[in-house]
Amino acid sequence: MKTVVHWFRKGLRIHDNPALRHAVDLVLENPNETVLRPIFILDPGIRETLLVGPNRWRFLQESLAELDENLKIINSRLYVVRGNAVDVLARLFKEWNVTTITWEYDIEPFSVKRDGHVEKIAHDFGVNVVIEKSHTIYDHEEIIKKNRGKPTLTYNSFLSIAATCEISPPLDPPNKLPKGISTFMDKDEKRDSHCYDVPSLSELGVSPTDCGPHKFPGGETEALLRMEAHLERTNYICTFEKPNTSPNSLEPSTTVLSPYLKFGCLSSRLFFKRLNEVTAGKKHSQPPVSLAGQLIWRDFYYCVASCTPNFDKMKGNPVCIQIPWGTNEQHLEAWRNGQTGYPFIDAIMRQLKQEGWIHHLARHAVACFLTRGDLWISWEEGKKVFEEYLLDADWALNAGNWMWLSASAFYYQYYRVYSPISFGKKTDKEGKYIKKYVPELKNYPAGIIFEPWKASKAEQKKYGCVIGEDYPERLVIHDDAKDINMEKMKKAYAKNRETKAGTSKPVKEENDDEDTKRKSTTKIKSPPKKVVKKK
């Protein structure tokens, strides 16, 4: 028997998965001589190279288990193979008599390097390689080509070019394979088939007690149910504007579909299509603040990241302003653990660590606080913390957003600083969010909970939380730190202009910040009927 392998990486779904669809179709062409083997490669060494917290491990484990169940619907299963991807595939190409391998294209530098090695090995074994693009809405190579071979560095310019591009419509799940097709090569392998089972949490080195509240279960089924539940709220979809949602509501004020998009449990093309169907013929918000606009932000960062060297670093990154950030391990750890002395900031960081998700505007607040606003610590350090704790930690988006919020790239009004006091008051005047995540302050009244240091010592004892004993004192005085940091930013920007003078113009200072509620009038081109395959 010959084998067609589909290699799952991010696209952990069976809907709108053109690479999986291609593999299934190959088997259906000759079902008597060919079997399908969908695989996921679990590299034990990944724990040493990637920052992954327990909540994200749980999400991955659940997504793999759900994927295995969904593959059974088409009369297949998921093979989880342990080991280094390059070594594993070299072995499987021979042992399984593989004729074709398919996978979804990935832009991350690690993946690009690894995939290059796999393509070479596949060539040596005479294995055909089919790579499809389906993780984003648009084909970024087309965007870059239309922009004269360069990435677009502003959201509006990306939107304008994207409006001229065709979008491949989302695909239905593949057809079922005939029942009775053997998925195992021989009796010995069938007997040992359990070695390909989905890993348990314990195999991933995670105890259930390590995880926080189970608010966002992983998997394709949950992703589709959550999407459809939100799409039924027509008025919510049509009037959605990200700046008008609450960063500190007790329950999410946004869809929380980002983790499902990150792992590919949900197709961004399907979500984009369904959003356009709901808003068609109705008055609705526009990009960048609309829900469709949020998906386009994702594509924007992927496009820039796909062709920018060192995109996740400051040095050697051509789109990033070089800023002489300081180092302070004590301040960094206090920020990471929600111990800065600013209740709003601390509540956000504690929610992040406990639940694996925080509102996008909450991310704005804590990122600004760590970098240009208060602590003057590099955005790269904050990126690492988000990479570990966020369920939706995405290489391109994480780096892009941190550069934006530190005013290192894409956004240049560095003097617009989020207040760690007044910003949270706008949507939570009583401080209920703080009381939930910073319970030390639960007895503080609404008028002072955002600034507990203003309470007298007697009042602090009355409320059961003495500042400096039961809750930390402020790491810095915000107004003083902000003024000092603004001068540092001013000097860094001046030096950047001097460095670029005579060589290339600095990045255009165009304000696409979501907080300004700026709306683009660019129309999104309707998806064509014909599928455009990119291999």
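On a predicted model such as this, the values are computed, not experimentally measured, just so you know. (Residues numbered from 1 in each chain as written. Predicted model: local features only at pLDDT ≥ 70, side-chain atom pairs only at ≥ 80, totals over all residues. Heavy atoms only, no water.)

Helical geometry: 3.6 residues make up each α-helical turn, so side chains three or four residues apart lie on a common side. Between its terminal C-alpha atoms helix 12 (residues 268–279) stretches 17 Å, which fits the 16 Å expected from 12 residues at 1.5 Å a residue. In this structure, the buried side of helix 12 is in contact with helix 1 (18–29), helix 9 (220–231), helix 10 (234–239), helix 11 (258–262) and helix 13 (291–306). Backbone nitrogen of arginine 269 and a side-chain oxygen of the N-cap are separated by 3.2 Å at the start of helix 12; the cap is serine 267. Two residues or fewer after helix 12 comes glycine 281, characterised by a positive phi angle close to 75°. (Helix = DSSP H or I, 4+ residues; strand = E, 2+ residues; numbered from the N terminus. Expected span 1.5 Å × (residues − 1). Contact = heavy atoms within 4.5 Å. Polar contact = N/O pair within 3.5 Å; in protein donor to acceptor, adjacent residues only side chain to side chain.)

A word on the sheet that holds strand 5 (residues 128–132). Sheet architecture is open: five strands sit in the order 3-2-1-4-5, paired in parallel fashion. Pairing within the sheet leaves two strands with one partner each, and these edge strands are strand 3 (79–82) and strand 5. For this sheet, the mean inter-axis angle between neighbouring strands, taken without regard to orientation, is 30°. Here strand 2 (residues 34–42) pairs with strand 3 via four bridges, running parallel. The residue bridging isoleucine 41 from the neighbouring strand is valine 81, located in strand 3. (Pairing = 2+ DSSP bridges. Axes fitted to C-alpha atoms, helices over the stretch in contact; angles between N-to-C directions.)

The next subject is the environment of leucine 20. By secondary structure assignment, the location of leucine 20 is in helix 1. Remark: the alpha-carbon pair of leucine 20 and tryptophan 7, spanning 13 residues in sequence, is separated by 8.3 Å. With near-sequence residues (within four places) excluded, leucine 20 lies in contact with His6, Phe8, Arg13, Ile14, Leu71, Thr102 and Pro174.

Core analysis: the biggest nonpolar cluster contains 141 residues, and Trp335 and Phe410 have the highest contact counts within it. The dominant element in this core, judged by the number of residues it contributes, is helix 13, at 11 residues. Of all hydrophobic cores here, the second largest spans 22 residues; its members include Val5, Trp7, Val88 and Val98. (Core = buried A, V, L, I, M, F, W, Y, C linked by side-chain atoms within 4.5 Å. Buried < 20%, exposed > 50% of the residue type's maximum accessible area, 1.4 Å probe, protein only.)

Here the focus is the confidence of the model for the protein. Per-residue pLDDT for the protein has a mean of 91; in total, 91% of the residues score no lower than 70. Between residues 502–535, whose pLDDT stays under 50, and residues either more than four places distant or in other chains, the model counts 92 contacts. (pLDDT = per-residue confidence, 0-100.)

Glancing now at the pairing of strand 5. Put simply, side chains in a regular strand alternate between the two faces of the sheet. Strand direction decides the pairing type here: strand 4 (residues 98–104) and strand 5, joined by five bridges, are parallel. If you follow threonine 102 over to strand 5, its bridge partner there is valine 130. Tracing the backbone out of strand 4, into helix 5 (residues 109–124) and back to the parallel element strand 5 gives a crossover that is right-handed. (Right-handed = clockwise from strand over helix to strand, strands pointing away.)

Attention now goes to the packing of helix 12 against helix 13. In the contact formed by helix 12 and helix 13, the axes pass within 9 Å of each other and the chain directions differ by 155°. In terms of their interaxial angle, helix 12 and helix 13 are classed as roughly antiparallel. As helix 12 runs across helix 13, the sense of the crossing is left-handed. Contact residues: helix 12 offers Ser268, Phe271, Phe272 and Leu275, while helix 13 offers Leu291, Ala292, Leu295, Ile296 and Arg298. (Parallel < 35°, antiparallel > 145°, perpendicular 65-115°, else oblique. Left-handed = near helix turned anticlockwise from the far one by under 90°.)

Right, let's get into the environment of aspartate 68. Relative to the helices and strands, aspartate 68 is located in helix 3 (residues 54–73). Note: C-alpha distance between aspartate 68 and valine 80 (12 residues apart in sequence) is 9.5 Å. With near-sequence residues (within four places) excluded, aspartate 68 lies in contact with Arg77, Leu78 and Val198. Looking at aspartate 68, its side chain comes within polar contact range of the main-chain nitrogen of leucine 78, at 2.9 Å.

With respect to the helices and strands, histidine 15 occurs in the loop between strand 1 (2–8) and helix 1. Judged by relative accessible area, histidine 15 falls into the buried class, the value being 6%. The contact partners of histidine 15, leaving out residues within four places of it in the chain, are Leu171, Pro173, Glu220, Leu224, Cys265, Leu266, Ser267 and Leu270.

Evaluated as defined, the whole model comprises 29 salt bridges. Notably, a salt bridge pairs glutamate 142 with lysine 146, separated by 3.6 Å at the nearest N-O pair. A residue pair is termed a helical-turn pair when its members lie 3 or 4 positions apart in one helix, as glutamate 142 and lysine 146 do in helix 6 (residues 140–146) at four residues. On the accessibility criterion, lysine 146 (38% relative accessible area) is partly exposed. Linked by salt bridges that have partners in common, Glu228, Lys273, Arg274 and Glu277 make up one network. (Salt bridge = Lys/Arg side-chain N within 4 Å of Asp/Glu carboxyl O.)

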